[in-house]
Amino acid sequence: MKRIEKFVDSMYLNVEGNQQEINELKAEMTNHLLEAVHELKEEGKTEQQAITMAIKRFGEEKEIRNVIGQLFEIQKIFAKSILYIAIVCLIVTMSSFYFLWKLEEATFQGIDDTRSLISYELKDKDIITRDIKRKIEALVEDTNYISEVTIYKSKNVISRAGENYVEYNWKSVQPDFQYQRTVWAPKWLGGDFDTFENGDEQWVISIENRSFHRLEVVVLFMGMPIYWTLFTVWAIINAYHQRRLRVGWIFMFVFFNILGYLIYYLTGKHGFPLRKGDEFYEDYI
């Protein structure tokens, strides 16, 4: 039956992929052809006639080779696509989170600087003059994240609830100064407003500012699960094609992700002692 073996070998001559998987497919094709030859011989055909007819029935050589090649190429492209999408998702998620985190950090620092400048203007002042109001408004306008500044006299709003703890009572107190403006904070992007409060012996300054803290959380808790899932799927597919897929590895990929795959990669297929009779034992020795 060397003719059948040569025919099968020619089908996979230029096919790239996992060699063990290719050998299994070749063995399956060979068995199918041998069964066809056996049936034809029982019908009265000679061995050579039976082989010729079995190969002819199986299909044209060129067409079969193209189908096999395309099949392996599709598998490779599919697996690579999943990996590339996972990597892109991870990069976009981490980059977006880092950008938003730095933006929030810069906003907090800017608010602290603005509050310090306002406090400097109010230092030792009993009233807020028109000139001071204009300076405070200018400080607010120099930012793109402060939507409101409200200033009270400390004695009107602060009540001490303990030695190191104070309470602010805003509801029934008219502010000594208030400046509001519209700040871009789209709800669909998770834009919201936080309030920054600080007081001294004379004045309490309340600053309302735009915050994208909720968007940070959304980006992280949506992007990371997508990446995690895609990478896990790719790792499972890769382990399957390498004939090393086990339940233990699936748990490693699911719970430890890239770390689990790194362990899988470093151990290699010879890292697991197999006993005679185990599945794929013959392929390891």
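As shown above, the structure is provided for reference.
### A word on the overall build of the protein
Line of reasoning, step 1. A tally of helices and strands in the protein yields 9 helices and 6 strands.
Line of reasoning, step 2. With 285 residues in all, the protein has 35% of them scored as buried.
Line of reasoning, step 3. Expressed as a percentage of contacts within the protein between residues at least 6 apart in sequence, the contacts between residues at least 24 apart total 66%.

### Thoughts on the side chain of T232
Line of reasoning, step 1. Within the element layout of this structure, T232 appears in helix α7 (residues 213-241).
Line of reasoning, step 2. Residues within four places of T232 in sequence aside, it is in contact with F253, V254 and N257.

### Here's the deal with the pattern of salt bridges
Line of reasoning, step 1. Overall, the coordinates contain 9 salt bridges when judged by the stated rule.
Line of reasoning, step 2. We note a salt bridge from E47 to K41, for which the minimum N-O separation is 3.5 Å.
Line of reasoning, step 3. Connected through shared salt-bridge partners, E121, D131, R134 and K135 make up one network.

### Details of a negative patch on the surface
Line of reasoning, step 1. On the surface, a cluster of negative charge is made up of E35, E39, E42 and E43.
Line of reasoning, step 2. Within the secondary structure, E35 sits in helix α2 (residues 19-42).

The rules we used
Residues numbered from 1 in each chain as written. Predicted model: local features only at pLDDT ≥ 70, side-chain atom pairs only at ≥ 80, totals over all residues. Heavy atoms only, no water. Helix = DSSP H or I, 4+ residues; strand = E, 2+ residues; numbered from the N terminus. Buried < 20%, exposed > 50% of the residue type's maximum accessible area, 1.4 Å probe, protein only. Contact = heavy atoms within 4.5 Å. Salt bridge = Lys/Arg side-chain N within 4 Å of Asp/Glu carboxyl O. Patch = residues over 30% accessible without salt bridge, like charges linked within 9 Å, V, L, I, M, F, W, Y side chains within 5 Å. Areas by Shrake-Rupley, 256 points an atom, 1.4 Å probe, with all protein chains shown as cover. Lys, Arg positive; Asp, Glu negative; His and termini not counted. Charge placed at Lys NZ, Arg CZ, Asp CG, Glu CD.

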